[in-house]
Amino acid sequence: MKKKLLNLMAGCMALIGSVSIAQPTLTATGINPVLSESLTYFNANYVSPGSSGASQTWNLSTMSGTSGGLITIVTPASTTNGSNFSSSTVAAENVSSGTDSYYKTSATALQNSGIDAGGTLITYSNFEDYLHFPFSFSNSYTDTWAAQFFSGYQFWRTGATTVTADSYGTLITPNGTYTNVMRTHFVQVYQDSAYPGFPYVITYNNDQYFWYKEGVHLPIAAVYNLTSSSGGPYTGGYYRSGAVGINEVQNYISSSSVFPNPAVDIVTINIELTENKKIDVKLFNSLGQQMEVNETSDGFQGLNTIQLNVATLPVGIYFAQVLIEGNIAVTKRFIVNR
């Protein structure tokens, strides 16, 4: 009997040992940017990306960051130069830096479709694939792309990007710990030429790592090492602030709206909840600075109306951040104008 029991225990231990941690898979629904969502990235120093492989723990807690400003996902048409990126589906607008990044989203890919870097427009004639969907551990692809821009001279940019899901595990950042994270190794090799291939060519190699979590749109963190024939290396990184599991929080909201827009003295925010939950509304300016105009209420199932007095605020762009039970659910962009 004792021998049979030991054999049974050994068999159970072998079975337990053979069960691996579930591998995350990135999907279009979980990663593609969503309209009206906002986040703040912190620009940071470069730290080692750590090891590749299954069930890793990456410690980026030594990153020291300064705010890069509030980024809001908007329609391309609402941006200053959106007409130049008509094939894009969304834009990441950073008012404080004056940079807009444009994307084309679909069920199969997240593509870089253009950049407005403070008036320097980089338009893509062949979009760059940032991610393919679904994307799982050990998946890899190489994509060729082309763009052009004017900076004193007309430049043509051509390159190839290789993306590999090289590991998954737990990520630690100054903002917190994230589980079930996928890391991608993102390598760009490209060149700029003032005339196609002649006479002035600059070559680049961008070796970058991104960390993604299904359901948290866009990367949680990244580190990069960029070298070029004109200088470098240029190294650094960034990490994001904000709630994890935003999809779960959004299950409590069936609709939300802000009006009037532009506003003069009062902004009304309508939030329809599927069940009773505490609502907090925080107001931020375009630099990501929190305003003193905030509201808290005990939300109830159905339509909740919250009014913010913005009469004393300067003219400009603002963001009303709605939190449900302390977690960021949605952010609404509006303008104060008189």
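Scope of this entry: the structure provided in the associated data block. Please read these numbers as outputs of a predicted model, since none were measured by experiment.

**Here's the deal with the overall build of the protein chain**
Each helix and strand in the protein chain was counted, giving 3 helices and 22 strands. Here the protein chain, with 338 residues, has 45% of them falling under the buried criterion. Once local pairs closer than 6 in sequence are excluded, the contacts in the protein chain between residues at least 24 apart make up 56%. Split by element, the accessible area of the protein chain, about 16,000 Å² in all, is 53% carbon and sulfur.

**Some points on the pattern of salt bridges**
Using the criterion set out here, one finds 4 salt bridges in the structure. For Arg 157, the salt bridge identified is with Asp 192, shortest N-O distance 2.6 Å. Separated by 35 residues along the polypeptide, Arg 157 in strand S11 (residues 154-173) and Asp 192 in strand S12 (residues 176-193) bring together distant segments of the chain. In this structure Arg 157 comes out as buried when scored by relative accessible area, which is 14%. Given a relative accessible area of 2%, Asp 192 falls into the buried group. Across the pair Asp 166 and Arg 183 runs a salt bridge, and its minimum N-O distance is 2.7 Å. Of this pair, Asp 166 sits in strand S11 while Arg 183 sits in strand S12; the two residues are 17 residues apart in sequence, bridging distant segments of the chain. In terms of burial, Asp 166 and Arg 183 fall into one category: buried.

**Some points on the sheet that holds strand S17 (residues 266-273)**
Taken together, the 3 strands give an open sheet; going across it, the order is S16-S17-S20, and neighbouring strands pair in antiparallel fashion. Strand pairing shows two members of the sheet lacking a second neighbour, strand S16 (253-259) and strand S20 (302-309), which therefore form its edges. On average, each strand axis in the sheet is inclined to that of its neighbour by 15°, with strand direction left out of account. Bridge analysis of S16 against S17 gives 6 bridges, and the strand direction is antiparallel. By the bridge assignment, Val 258 is partnered in S17 with Ile 269.

**A few points about the packing of aromatic side chains**
Centre distance and the angle of the planes are the two values used to describe a pair of aromatic rings. Considering all chains together, one arrives at 15 aromatic pairs under this definition. When the ring of Phe 137 is compared with that of Tyr 168, the centres are 5.2 Å apart and the planes differ by 80°; the resulting orientation is edge-to-face. Highlighted residues: Phe 137 in the loop between strand S9 (135-136) and strand S10 (140-150) and Tyr 168 in strand S11, separated in sequence by 31 residues. Relative accessible area serves as the criterion here: at 24%, Phe 137 is assigned to the partly exposed category. When its relative accessible area of 4% is taken as the criterion, Tyr 168 is described as buried. Arranged with centres 4.6 Å apart and planes meeting at 15°, the rings of Tyr 190 and Tyr 204 form a pair that is stacked. Highlighted residues: Tyr 190 in strand S12 and Tyr 204 in strand S13 (residues 201-213), separated in sequence by 14 residues. Pair check on accessibility: Tyr 190 and Tyr 204 agree, each one buried. Through a chain of ring-to-ring contacts, three or more aromatic side chains come together here, namely Tyr 103, Tyr 130, Phe 186, Phe 210 and Tyr 212. A cation over a ring is seen here: Arg 157 above Tyr 204, with NZ or CZ 5.8 Å from the ring centre.

**Things to note about the pairing of S12**
By the bridge criterion, 16 bridges tie S11 to S12 in an arrangement that is antiparallel. Opposite Gly 169, over in S12, you have Val 181 as the bridge partner.

The rules behind the values
Residues numbered from 1 in each chain as written. Predicted model: local features only at pLDDT ≥ 70, side-chain atom pairs only at ≥ 80, totals over all residues. Heavy atoms only, no water. Helix = DSSP H or I, 4+ residues; strand = E, 2+ residues; numbered from the N terminus. Buried < 20%, exposed > 50% of the residue type's maximum accessible area, 1.4 Å probe, protein only. Contact = heavy atoms within 4.5 Å. Areas by Shrake-Rupley, 256 points an atom, 1.4 Å probe, with all protein chains shown as cover. Salt bridge = Lys/Arg side-chain N within 4 Å of Asp/Glu carboxyl O. Pairing = 2+ DSSP bridges. Axes fitted to C-alpha atoms, helices over the stretch in contact; angles between N-to-C directions. Phe/Tyr/Trp six-rings, centres within 6.5 Å; stacked < 30°, edge-to-face > 60°. Lys NZ or Arg CZ within 6 Å of the ring centre and 35° of its normal.

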